[in-house]
Structures are given as C-alpha cells and as structure tokens.
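Coordinate analysis (summary)
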Amino acid sequence: MRIKKLLLAIATLTLVSATPVKHQFTAAEQQQISISTPGLFNRSDAFSIDLGLLKPNEYSFPLPVGKATMRKNDVVQIDTKDGDNVKAMFDGTVRLARKHQDMGYVIVIRHRNGLETVYANNAENMVEVGQHVRAGQTIAIVGHRDGKFYCDFSIMIDGKRINPAAVFSINSHRLHRHTLLCEKHSSYINVSTVGEKVDLDENPNFTTEDVFEKKQTYKWNLEKMKKGSWAYPLPGAKVISPYGGKRRHSGVDLKTKPNDEIVAAFDGVVTRSNSHYGYGLCIVVKHANGLETLYSHQSKNLVKVGDKVKAGQVIGLTGRTGRATTEHLHFETVFKGRRFNPNLIFDHNSRQLQKSTLTLTKNGGITSKRN
Ligand SMILES: [Zn+2]
C-alpha cells in the first residue's frame, strides 16, 4: 500500500517535471485586473521587498527604448514606436491575459515578491494565463490609440495600484535598489522605502542606464534621436565664432538678438546656474552617459541647480554678461569633463543633428563618423 503511494508520488513528480507547471488562477483572478492576492497579508499587515537583491537579468523595463510619463492614478504611459515588444518587468506568472473593452489587450503578471505588474493597451498579447515568464521576455505587441503607440503600465499590490516611482525611476527606467515596505490599510497600500536612501528624481535625463557601467565604448547614432529628444540651443542662430581656431575657442558663439530664448539641447539636469568668471551668467546641463552642455553670457538664467529640463525647454535669455562684446550664446559641449567641438553633434547651417554616429569611450574619448 505504502509502496503504491510512493510509486504514484514518483509518477506524479515525473509528470510535473516533464510538463511545465501551470499555475492555477480562479476565474475571478483571470477576469478582474484589480483583485486581492490570496495569502499576501495572511501573516502580517506588512511585508517588504528588497529590490536590491535582484540581479540585472531579473528586471526589465517594459519598453526599454520608450519614453515614460507619469499619468493620473499611478499609471505610467510608455510611448514608443509601432511594432515594439512589451516585456515583462520581473519573473512571474501570467494571471490575466485578455481583451478589455476600454484598455485593449491587457496582461497582469503576478510576481513572487508580492507585486503584480499590469500592461494595458496592447495590440496583441503573446502569453496566456498560467504561463511563467522571465524578466525581459516579450509578452505583447504595443498597441496604439489616438495616433500614438504606447503601453499603459502600472504596478499593484493586493489589487491596488502603488506609485511606480517607488520601484523604478520614471525618467531613467532604472530599478531603485532599495527595500519597499508595503503596509496594508483598509482602502490602500502604503509603500515606503527603507534602507539605502534613493532620490526618486535621480538621473532624470537618462533614457537608458549608464552604458559605461557595462561597456567601454558606446555608439551614439545621432540620426536615431527622436524628434523632441534634442533641440538646437539657439533656434535661428548663426555662428559668429566657431570652436577652436587660433584663439582655441572652447565653444561656438551663436547669435540671434538680445534676450532671445536659449533652449536645452537634450533632456538633463541643471548642475550649474550662476555667474562664473568670464562666462558671465552660465548654465551647465548634465545629460545621459556623461555628456554636458554649457550655455553662457545670458542676460537671465531661468533655471536653477537641480532642475530637470527637457530638450527644447527655455533655460535662459541671450545677453552679454561676462567677457562678451555682443549679445550671443557661447555654447560648449563637454564629455566626461573634456570639451569637444559642438560640430560633432550639430550641423550649424541646418541647425539639425549631424548625420553621424559618435563613439564615446569610458575614459572620455569621442570620435565621429558620417553615417
Ligand atoms: Zn564663445
């Protein structure tokens, strides 16, 4: 009798290992996006998630090249282009995968750490309920609405949305390597962070992680920069003094008219906004991967240190403060602390990005090649 049971157990084990385990979800769990997670708060009204323990391959942003924007109700809209793949954020099991009358195709993945991730407005779902998925695995094709391609992404605990900025940086897409303390209240889940203090506004300009953490060189194809992700720093300007030359000019001088609007060349964080020797009123903006841009001689600076700026955002007005004989913008491009010719980035005649690819190296080298 005992042997029979044992044999049966072995047979079952063999079966289990031969076919992938499909997790069972109730009909309600497969239908309702917002539903409590059984057993999550059984033992305690609080639990913690140490995001710092995740290995790099255990986290993926749903649309790695997309642009995330915080919407109402803790939903992040991630804009991207047609045909892009939506990827699972963490390892987990698909709890819901169906068409929703308002949200298009929706997927909900339940993760072992207690989080659930929701991917809505898909054109097509590529996974089914009960399927185990890995972080970074394609789960859907991005859908479109009102002429835009995007995924509406949110994170839930026990069926209630939490602020996704507690988990990752909206701007850099990076996972915050801290511990989340999740406490159950009657109508909401309170999420606070413990351990290493992380500034949720860190690296607002970085649309990708700092590539030099992993690689020695990084190829930046300027032609692939999306509209709106860059701007010519002084629209309509002409060059009155180029970079370099006999006087070893550290930047390029661009002129339009006094008190004209100077705009940020790329998304970034303001790291300097003050009067700085011969520069006069000066602004430095730090961008992704060690690139900085400098704007000087302003009559007025309109941003302060720590401000996050968007490409094309007005940051100052042209003037002649510092060592300047006429109202103009002295514009510098700096990589890893070293100035380089802004011509590598901008064609000043067309005021467009160059049709070239820059190779940036970890130790500050920068070379350009025409596409
Ligand atoms: Zn100059």
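Residues numbered from 1 in each chain as written. Predicted model: local features only at pLDDT ≥ 70, side-chain atom pairs only at ≥ 80, totals over all residues. Heavy atoms only, no water.

Take the overall build of the chain next. Helix and strand counts for the chain stand at two helices and 29 strands. Looking at the chain as a whole, 46% of its 371 residues qualify as buried. Across the chain, contacts joining residues at least 24 apart in sequence account for 63% of those joining residues at least 6 apart. When the accessible surface of the chain is split by element, carbon and sulfur atoms take 51% of a total near 19,500 Å². (Helix = DSSP H or I, 4+ residues; strand = E, 2+ residues; numbered from the N terminus. Buried < 20%, exposed > 50% of the residue type's maximum accessible area, 1.4 Å probe, protein only. Contact = heavy atoms within 4.5 Å. Areas by Shrake-Rupley, 256 points an atom, 1.4 Å probe, with all protein chains shown as cover.)

Another aspect to go through is the pattern of salt bridges. Side chains bearing opposite charge may pair, as long as their charged atoms lie close to each other. Applying the stated criterion across every chain, the model contains eleven salt bridges. Of the charged contacts in the structure, one is a salt bridge between D253 and R247, with a shortest N-O distance of 3.4 Å. With relative accessibility at 8%, the residue D253 sits in the buried group. On the basis of relative accessibility, which here comes to 55%, the residue R247 falls in the exposed class. The closest approach of N and O atoms between E332 and R339, which form a salt bridge, is 2.8 Å. Members of the salt-bridge network, linked through shared partners, are E29, R95, R110 and E116. (Salt bridge = Lys/Arg side-chain N within 4 Å of Asp/Glu carboxyl O.)

Each protein donor to the zinc ion is listed here as H249 (NE2), D253 (OD) and H330 (ND1); together their distances run 2.0 to 2.1 Å. Counting the intervening residues between successive donors of the zinc ion yields the motif H-x3-D-x76-H. Separated by 81 residues along the polypeptide, H249 in the loop between β15 (238-241) and β16 (252-255) and H330 in strand β24 (residues 329-335) bring together distant segments of the chain. Like H249, the residue H330 is buried in the burial classification. (Donors = N, O, S within 2.8 Å, 3.2 Å for Na, K, Ca; no water.)

Applying the stated rule across the entire model yields eleven aromatic pairs. Ring plane angle 50 degrees and centroid distance 5.9 Å describe the contact between Y59 and F90, whose orientation is recorded as tilted. Of this pair, Y59 sits in the loop between β1 (46-50) and β2 (67-70) while F90 sits in the loop between β4 (85-87) and β5 (92-100), placing them 31 residues apart in sequence. (Phe/Tyr/Trp six-rings, centres within 6.5 Å; stacked < 30°, edge-to-face > 60°.)

Okay, the sheet that holds strand β28 (residues 356-361) next. With antiparallel pairing, three strands are arranged side by side in an open sheet as β14-β28-β29. Strand pairing shows two members of the sheet lacking a second neighbour, β14 (217-221) and β29 (366-370), which therefore form its edges. Neighbouring strand axes in the sheet, compared pairwise and without regard to direction, differ in orientation by 20 degrees on average. Two elements, β14 and β28, share five bridges in a ladder whose sense is antiparallel. Bridge pairing in β28 places Y218 opposite L360. (Pairing = 2+ DSSP bridges. Axes fitted to C-alpha atoms, helices over the stretch in contact; angles between N-to-C directions.)

Here the chain averages 86 in pLDDT, and 88% of its residues register 70 or above. Confidence drops under a pLDDT of 50 for residues 195-209, and excluding neighbours within four residues, the segment shows 41 contacts in the predicted structure. (pLDDT = per-residue confidence, 0-100.)

All right, on to the sheet that holds strand β21 (residues 300-301) then. Taken in spatial order, the three strands of this open sheet run β17-β23-β21, and their pairing is antiparallel. Looking along the sheet, the strands with just one partner apiece sit at the ends: β17 (261-263) and β21. One ladder, built from three bridges, connects β17 with strand β23 (residues 314-317); its direction is antiparallel. Across the sheet, V263 pairs through a bridge with V314, a residue of β23.

A word on unusual backbone geometry. Here N73, not a glycine, exhibits a phi torsion of approximately 55 degrees, which is positive. Tracing the backbone shows N73 in the loop between β2 and β3 (76-80). A positive phi angle, close to 70 degrees, is found at N121, a residue other than glycine. Tracing the sequence through the fold places N121 in strand β7 (residues 115-125). The class of N121 is buried, set by a relative accessible area of 5%.

Once that is clear, we can look at the layout of surface pockets. In this structure, the second largest pocket occupies an estimated 440 Å³ of space. Surrounding the second largest pocket, 17 residues form its lining, D91, G92, H111, R112 and N113 being those nearest its centre. When contributions to the lining of the second largest pocket are tallied by element, the ones reaching two or more residues are β1 and β5. The residue makeup of the lining of the second largest pocket, split by class, is six nonpolar, six polar and five charged. (1 Å grid on protein atoms, 1.4 Å probe; cavity = no way out; pocket = protein on both sides within 12 Å on 5 of 7 lines; lining within 4 Å. Points joined across faces, edges and corners; volume = space filled by probe spheres on them. Nonpolar A, V, L, I, M, F, W, Y, C, P; charged D, E, K, R; others polar.)

Turning next to the pairing of strand β20 (residues 291-298). Taken across its eight residues, β20 has eight buried, putting it largely inside the fold. Where strand β19 (residues 281-286) meets β20, six bridges bridge the pair, whose relative direction is antiparallel. Within β20, the residue paired with L281 across the bridge is Q298. Hairpin remark: β19 followed by β20, antiparallel, with four residues in the connecting loop; positive phi at N289, about 60 degrees. Pairing of β20 with β24 involves six bridges; the strand directions are antiparallel. When the sheet's bridge partners are listed, E292 is paired in β24 with V334.

Positionally, M70 belongs in strand β2. For M70, a relative accessible area of 32% corresponds to the partly exposed category. Here the alpha-carbon distance between M70 and P164, two residues 94 residues apart in the chain, equals 8.8 Å. When neighbours within four sequence positions are excluded, M70 is seen to be in contact with V75, V76, N163, P164 and I170.

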